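# Structural overview for review
Letter by letter, the chains look like this.
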Amino acid sequence: MCGLLSFFFYADMYAQEQLKVVTFNVRSFEPDFNVQPFADCLMPENADIICLNEVENRSARQMVNMKYRDVVQDMASKLNMFGVFGYAYNLMNKKGDDDETKYTYCENELYGNAILSRYPIVNVQALRLPRPEGSADQRGVVVADILLPSGRMVRVACSHLDHIGGQMEQARVLTGNTVISQTLPTLLTGDMNMWPGTDVINLLTQSYDRMDTDQGTYYGASKIDFILGAKGQFELVSSKVLDRFYNGQELSDHCPVVSIVKLK
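This section reports on the structure supplied with the text. (Residues numbered from 1 in each chain as written. Predicted model: local features only at pLDDT ≥ 70, side-chain atom pairs only at ≥ 80, totals over all residues. Heavy atoms only, no water.)

## Some details on the overall build of the chain
Within the chain one finds five helices and 14 strands. Taking 18 Å as the expected radius of gyration for a compact globule of 264 residues, we find that the chain reaches 18 Å, a close match to that expectation. Along the three orthogonal principal directions, the C-alpha set of the chain runs to about 65 × 45 × 35 Å. Expressed as a percentage of the 264 residues in the chain, the buried residues total 52%. By sequence separation, contacts in the chain at least 24 residues apart represent 69% of the contacts at least 6 residues apart. A total of about 11,800 Å² of accessible surface is found on the chain, and carbon and sulfur atoms cover 52% of it. Averaging the locations of the 24 positively and 32 negatively charged side chains of the chain gives two centres separated by 2 Å. (Helix = DSSP H or I, 4+ residues; strand = E, 2+ residues; numbered from the N terminus. Rg over C-alpha atoms; globule rule 2.2 N^0.38 Å. Buried < 20%, exposed > 50% of the residue type's maximum accessible area, 1.4 Å probe, protein only. Contact = heavy atoms within 4.5 Å. Areas by Shrake-Rupley, 256 points an atom, 1.4 Å probe, with all protein chains shown as cover. Lys, Arg positive; Asp, Glu negative; His and termini not counted. Charge placed at Lys NZ, Arg CZ, Asp CG, Glu CD.)

Shown next as C-alpha cells:
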C-alpha cells in the first residue's frame, strides 16, 4: 500500500512540474467587450497560466449600466483563476503628452497586460518599458511570481512590444534582471511585434529558449506572439496555435498560442 501511495505522490509531483501556458492578444475584447466568448474559447484548454495583451480595463466604452468593469477579474472569475492587471498607461494619455504622474492614482481608463493563474500569485510588479521617439504607444511588462502546488515558484512575465519602433530598447529590459529572476524559473510571453530571425527575437533568444513553434499567429500568418523560457530552465513538451475564431465569431486579429512546458 505504501508503494502505491508513493506512486501517486510522485505522479502528482511530476504533473505539477508541467505547466500549460497561453498567450493571447485579445484586442481589448472588441468589438462588444464581452469576455464570455474569450473565456469559452480558452476554458477547454484548462490552462495553468494565461497571459493577455492589449488589455483595456475599466474604460468608459466598456461600461455596463454606467458602471466601470474590471474585465480582467471578469475573465479570471469565468475561468476560476487568479488575475492581475499590469498597467502601462492611461487611455486619456495615449499620446504621452502629459506627465504620467498625473494619472498615478487613476482607477479607470487603464491599458496594459494581464496574467491569469490557476495557482496563487504571491508577488506582482508592473514596469513601463522605454518609449523612444517614433514609438506608437507606451508599452509595459507585468511580472508575477506564482506558487505551484509542488511548493516550487515560477516567474511569469507578460509583455507587448511596440509595433512601430523602440522594440530593441524594450527587449533589452525583458532580458535584464528586473524581469528574469536569478532564483526562479522565468517564462516570458507576449506579442513581440517581430518575427523569428529578426534582431529583436535574436536578442530575446540569447536569454530565453523558444517554448513554441513558428506557426503564424497574426491573422494566422505572421509569427509575432511568443512563449519563451529562461535559458536551460524549461523543456517544451508541445505547442499549438488556436483559431482566432470561436463559434463563428472573430475574437481577435491574433491567435492564441498554447504550450505545455516542463520545469527542468
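## So, the sheet that holds strand β10 (residues 225-230)
Across the sheet, six strands lie side by side as β5-β6-β7-β8-β10-β9; this open sheet has mixed pairing. Strand pairing shows two members of the sheet lacking a second neighbour, β5 (121-128) and β9 (208-210), which therefore form its edges. Neighbour to neighbour, the strand axes of the sheet diverge by 25° on average, direction disregarded. Here strand β7 (residues 153-160) runs beside strand β8 (residues 186-191); their pairing, made up of six bridges, is parallel. Paired with Val156 across the two strands is Leu187, which belongs to β8. The strands that helix α5 (residues 199-207) touches are β8, β9 and β10; relative to β9, the one it contacts most, it runs at about 110°. (Pairing = 2+ DSSP bridges. Axes fitted to C-alpha atoms, helices over the stretch in contact; angles between N-to-C directions.)

## Quick notes on the pattern of salt bridges
For the coordinates displayed, the defined rule picks out 19 salt bridges. Between Glu250 and Arg27 there is a salt bridge, with its nearest N and O atoms 3.3 Å apart. Placement of the pair is Glu250 in strand β13 (residues 249-250) and Arg27 in the loop between β1 (18-25) and α2 (36-42), with a sequence separation of 223 residues. In this structure Glu250 comes out as partly exposed when scored by relative accessible area, which is 27%. Between Asp145 and Arg155 there is a salt bridge, with its nearest N and O atoms 2.8 Å apart. Placement of the pair is Asp145 in strand β6 (residues 140-147) and Arg155 in strand β7, with a sequence separation of 10 residues. Given the relative accessible area of 10%, Arg155 is considered buried. A cluster of three or more residues bridged by salt bridges with shared partners is formed by Lys94, Asp137, Arg139 and Asp162. (Salt bridge = Lys/Arg side-chain N within 4 Å of Asp/Glu carboxyl O.)

## Re empty space enclosed by the protein
Applying the stated criterion across every chain, the model contains one cavity of 30 Å³ or more. In this structure, the largest cavity encloses a volume near 40 Å³. What lines the largest cavity is Glu54, Ala88, Tyr111, Gly112, Asn113, Gln138, Arg139, Gly140 and His160. The element that contributes the greatest number of residues to the lining of the largest cavity is strand β4 (residues 110-117), accounting for three residues. Class assignment of the residues belonging to the lining of the largest cavity gives a composition of two nonpolar, five polar and two charged. (1 Å grid on protein atoms, 1.4 Å probe; cavity = no way out; pocket = protein on both sides within 12 Å on 5 of 7 lines; lining within 4 Å. Points joined across faces, edges and corners; volume = space filled by probe spheres on them. Nonpolar A, V, L, I, M, F, W, Y, C, P; charged D, E, K, R; others polar.)

## Some words on the side chain of Glu45
The topology assignment puts Glu45 in the loop between α2 and β2 (49-57). The contacts of Glu45, once residues within four sequence positions are left out, are Lys20, Lys240, Leu242 and Val258.

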